[in-house]
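Residue-level listing of the chains:
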Amino acid sequence: MAVTVLNTLLVGLLATGVEAVSNGLALTPPMGWNNWNAFGCDVSEELLLSTAETIINLGLRDLGYQYVVLDDCWQDVNGRDANGKLQPELSRFPNGLKSISDQLHSKGLKYGMYSSAGEMTCARFDGSLDHEVEDAQSFASWGVDFLKYDSCYHMGRIGTPQISFNRFKTMSDALNATGRPILLNLCNWGEDYVHTWGMSIANSWRITGDIYDSFTRPDDLCGCDTTISDPFCIAPGTHCSVLFILNKVAAFADRSIPGGWSDLDMLEVGQGGMTDEEYKAHFALWAALKSPLFLGNDLRDMPASALTIINNPAILALSQDPHGRSVTRVRRDVQGVAKDEWGMGETQVWSGYLQNGDEVVIFLNAGGEDIEMQVTLAEIFIPFGPGGSAPHVKSDWAVHDLWAHRMSEETAEALMAAATDERRAAILKDVNWYNATETPFEEGLRNNDPRLFGEKIGEVKAGGILKAPVTSHAARVFRLRRIAKQGETFKGKSIDRVAKDEL
Ligand SMILES: *[C@@H]1O[C@H](CO)[C@@H](O)[C@H](O)[C@H]1NC(C)=O
Ligand SMILES: *[C@@H]1O[C@H](CO)[C@@H](O)[C@H](O)[C@H]1NC(C)=O
């Protein structure tokens, strides 16, 4: 019964194109930078503005990284002022917060801030619980565009979906009442079934404890069950690996819709704890799963290899695809997969439909050995009909490798070393780099801009099998493009429309 109701609801949403929370924001997953993973409490105006400068200089703003988010620890240690208003620590923010948002806005960026639906924030500054209206007004008056809203010190107001929903809805309503569109990035780590109600009041909702900079390593501080969604988890924690988070979201990856996204937490790319292949896999999966994409490293001082991961337009086009549906996991193998150094070992295949009828397929090898992975077209297209019944299985598909045209490290190094805007523009122009400010992803995809499609590396025949070698702790990311036969139709429609209309 419950399942039927849910399915009916979902079909209803898909059929009418209804968005989640109705503030008109986050129609594709929001992208930006947040200071927490690299800097923790070491925040300042200088950090935010110099990072903003770097975001622009490296061409990242023009790939969609718009939000510059100030996390916890921005407040004055003495708490609220005499009028009950939150106030910034003036030694760190000498010109106030409005000045920061004005400067970000003048550069075409957006400003994000942080609070908690508790009596204190996680770092024990004043929280917004029972102060939602005045705090929302403060945020609006500072020109804030995005609020990360945490869940520390909630005074016991947790334990049922209704209690948590109401606690967060108070802030959602208060933000709405300010009249300023402010994206709400809810962060209660998956508690109280947030994947069933987050989209009604927020633009994204965190689904696990905090990420840390490890690909598979289990840690007691990330205490909940790793294999299936565990709604009764009592310790979402802080040290969750990439693999842990993927296994957590797998059971409800289909909940995200335009305007409301499952948040897999901020990115660790460039932080130093993972290999290049691990960071590529982390980044591509976060993009294909439609997580908000928040860079978490020090952009002013990063390895060239990190820049060439986060600026890959063919991967970003998965995140920003206008269809707005996450990949889902169509296959997971544990038996017979070699274990890695942490005793973890499994392979996964994720796939999902894209606006233009293409299909993204990701092979993840989270095992200890290099292997060849494979999946049948029948498995890839299970969401359109099990047992090979999906019409897509009868087509031939071209296979495109989306990492094929990654920026070279030489170019990235030259870009980071360039001293003037002119020089940087010349470098990006030389390699014909994608600019989403000029050509939004939706338009680039519609026009088959080759920079969004990687490189064709092979074909899969109708009814066939996609195979590829995948090294240990890596992912391969493919875009399958239907090879249409002339005049091909299904149920009277052009074959390229079938996927869109059927799902
Ligand atoms: C407030 O909510 C209403 C309806 O729920 C919506 O139409 C409006 O755009 C929202 N305003 C803001 C500023 O989010
Ligand atoms: C991208 O295009 C916009 C609009 O044409 C332009 O203002 C901006 O400088 C370009 N960005 C880069 C990095 O070239």
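Residues numbered from 1 in each chain as written. Chains lettered and ligands numbered in written order. Predicted model: local features only at pLDDT ≥ 70, side-chain atom pairs only at ≥ 80, totals over all residues. Heavy atoms only, no water.

- You'll find the protein chain entered in an unreviewed UniProt entry as Alpha-galactosidase, with Neoarthrinium moseri given as the organism.
- Of the comments in the UniProt record for the protein chain, the one headed Sequence similarities (unreviewed entry) reads "Belongs to the glycosyl hydrolase 27 family."
- Word for word, the UniProt comment on the protein chain under Function (unreviewed entry) is "Hydrolyzes a variety of simple alpha-D-galactoside as well as more complex molecules such as oligosaccharides and polysaccharides." (UniProt positions renumbered as here; feature names shortened; annotations may be inferred.)

**Brief notes about the side chain of Gln 348**
Now for step 1: With respect to the element layout, Gln 348 can be found in strand E10 (residues 347-353).
Now for step 2: A polar atom in the side chain of Gln 348 sits 2.9 Å from the side chain of Trp 350.
Now for step 3: What Gln 348 contacts, discounting residues up to four positions off in sequence, is Leu 243, Leu 246, Asn 247, Arg 329, Arg 331, Arg 332, Ile 362, Phe 363, Leu 364 and Met 373. (Helix = DSSP H or I, 4+ residues; strand = E, 2+ residues; numbered from the N terminus. Polar contact = N/O pair within 3.5 Å; in protein donor to acceptor, adjacent residues only side chain to side chain. Contact = heavy atoms within 4.5 Å.)

**Describing the state of the cysteines**
Now for step 1: A full pass over the atoms with the stated rule returns three disulfides.
Now for step 2: Put simply, Cys 41 and Cys 73 are joined by a disulfide, and their sulfur atoms are 1.8 Å apart. With Cys 41 in the loop between helix H2 (36-39) and helix H3 (45-57) and Cys 73 in the loop between strand E2 (67-69) and helix H4 (96-106), this residue pair connects regions lying 32 residues apart in the sequence.
Now for step 3: We classify Cys 73 as buried; its relative accessible area is 3%.
Now for step 4: Disulfide partner of Cys 222: Cys 240, at an S-S distance of 2.2 Å. In this structure, the disulfide formed by Cys 222 and Cys 240 twists by about 95° around the S-S bond and is classed as right-handed. Here the residue Cys 222 occupies a position in the loop between strand E6 (204-206) and helix H8 (242-249), and Cys 240 occupies one in the loop between E6 and H8, the gap between them amounting to 18 residues. Take Cys 222 and Cys 240: they sit in the same class, and that class is buried. (Disulfide = S-S within 2.5 Å. Buried < 20%, exposed > 50% of the residue type's maximum accessible area, 1.4 Å probe, protein only.)

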